[in-house]
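Observations on chain architecture
Each chain is listed here by its residues.
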Amino acid sequence: MEVYLDNSATTKCYDSVKEIVQKVMCEDYGNPSSMHKKGVEAEKYIKETKEILAKLLKVQEKEIYFTSGGTESDNLALIGTARANHRSGKHLITTSIEHPAILNTMQYLENEEGFRVTYLPVDSEGKIRLDALQEALCEETILVSIMYVNNEMGSVQPIDQAVKIVKDYNKNILFHVDAVQGFGKYKIYPKKLSVDLLSISGHKIHGPKGIGALYVNEKTKIKPIIFGGEQQKNIRSGTENVPGIAGLGMAAKEIYTNLDEKVAHMRQLKQRFITGVMKIEDTTIHGRYDETSAPHIISVGIAGIRSEVLLHTLEEKGIYVSSGSACASNHPAISGVLKGIGAKNEFLDATIRFSLSEFTTEEEIDYTLETLYNCIPMLRRYTRH
């Protein structure tokens, strides 16, 4: 049996996404900047996806920009607004548990462009400390970036409260949300939240890799970080990835169809898995796992077994999981998220992330639990103390 429980790393494409991507690549393959019929046909896909995303986010179509994925969306949001607004101040705020696409970009702005960055601490549940946010704000602050859902442990950040604190202090401070793990699981409305920029990614919602989008409020000052043929109002140059854009639109449309039922399905499976895994001695679930947490992410600490060893043991049984953020897995290190929440030492290098999708089944959950019951005692027996 093959069980894929690494959906926070990437997801299987919907069949409808596969079909539309192939059609655009092989039939409607024109350059959308071309003035002839083939170009016009290609441009229609861009317009349609903008309409889909704008409707789902309740924003204007002209506020949607396509990128190569969540990482580029985050880079454009941070670097583009920092450079455009630096005359108002050079202070940026983010959290200590952000995705590397945010943390490494912030470090670049700090080390190479002279910005000052405050990294907010989180509590034991992986939520930002709002009092720390309040204290960090100053006259120099121009941008705050906080993720919607943490990619390693599924904690949902209190974005509405954080935005209120920031905007009450100074309505001109920009607020960016990395919603890569939240889009497709929650109904997110940037304007209602008073969020200025929001990043999403195609391959986390059963769409293609290599495509993402950034919502930018029309009043937000932002500079491009990629230069070329001045596509997308010169904010993001380069021939648009039309197959990817068409696939992103189809995926977004599909995932938000009957969303409540899909989320309820994942929550039921998540609870089934947690109930089962907690029967194993010396295990812990990092953060909350009730309705206030993301429906698809479970971070399990299993004392006495290195996460890499357990990951490959499960792989041998056809079960695919992650030992943290897949985007940082080529550089194994102790998770900053686990350190940030104050996880016990025995779990720092002994934590596995299981992440579900609408395609996950009860049979797959039960098979995974049965495998864990069988292999954990054996692995612990052979672990050197």
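Residues numbered from 1 in each chain as written. Predicted model: local features only at pLDDT ≥ 70, side-chain atom pairs only at ≥ 80, totals over all residues. Heavy atoms only, no water.

On to the pairing of strand β3 (residues 91-95), then. Of all 5 residues in β3, 5 are buried, a share of seventy percent or more. Burial along β3 is two-sided: the residues H91, I93 and T95 and L92 and T94 are all buried. Alignment of β3 against strand β4 (residues 116-120), held across 5 bridges, turns out to be parallel. Along β4, the bridge assignment pairs I93 with T118. By the bridge criterion, 3 bridges tie β3 to strand β5 (residues 141-145) in an arrangement that is parallel. By the bridge assignment, L92 is partnered in β5 with L143. (Buried < 20%, exposed > 50% of the residue type's maximum accessible area, 1.4 Å probe, protein only. Helix = DSSP H or I, 4+ residues; strand = E, 2+ residues; numbered from the N terminus. Pairing = 2+ DSSP bridges.)

All chains considered together, the criterion is met by 19 salt bridges. For R267, the salt bridge identified is with E291, shortest N-O distance 3.7 Å. Separated by 24 residues along the polypeptide, R267 in helix α9 (residues 259-277) and E291 in the loop between β9 (283-285) and β10 (297-302) bring together distant segments of the chain. The class of R267 is buried, set by a relative accessible area of 13%. Residue E291 is classed as exposed on the basis of its relative accessible area of 60%. Among the ionic pairs, R288 bridges to D290, the shortest N-O distance being 2.7 Å. We classify D290 as partly exposed; its relative accessible area is 31%. Within the structure, one salt-bridge network assembled from shared partners comprises E125, R288 and D290. (Salt bridge = Lys/Arg side-chain N within 4 Å of Asp/Glu carboxyl O.)

Our focus in this paragraph is unusual backbone geometry. One non-glycine residue, S194, lies in positive phi territory at about 65°. The exposure class assigned to S194 is partly exposed, which follows from its relative accessible area of 37%. Although it is not a glycine, N258 adopts a positive phi angle of roughly 55°. One can find N258 in the loop between α8 (242-255) and α9.

Moving on, we come to the packing of α9 against helix α13 (residues 362-381). Two numbers describe a pair of packed helices, the interaxial angle and the distance between the axes. Packing of α9 against α13 leaves a shortest axis separation of 10 Å and a crossing angle of 15°. Here α9 lies roughly parallel to α13, going by the angle between them. As α9 runs across α13, the sense of the crossing is right-handed. Along its contact with α9, which presents Q268, L269, R272, F273, G276 and V277, the element α13 presents E362, I365, D366, T368, L369, L372 and Y373. (Axes fitted to C-alpha atoms, helices over the stretch in contact; angles between N-to-C directions. Parallel < 35°, antiparallel > 145°, perpendicular 65-115°, else oblique. Left-handed = near helix turned anticlockwise from the far one by under 90°. Contact = heavy atoms within 4.5 Å.)

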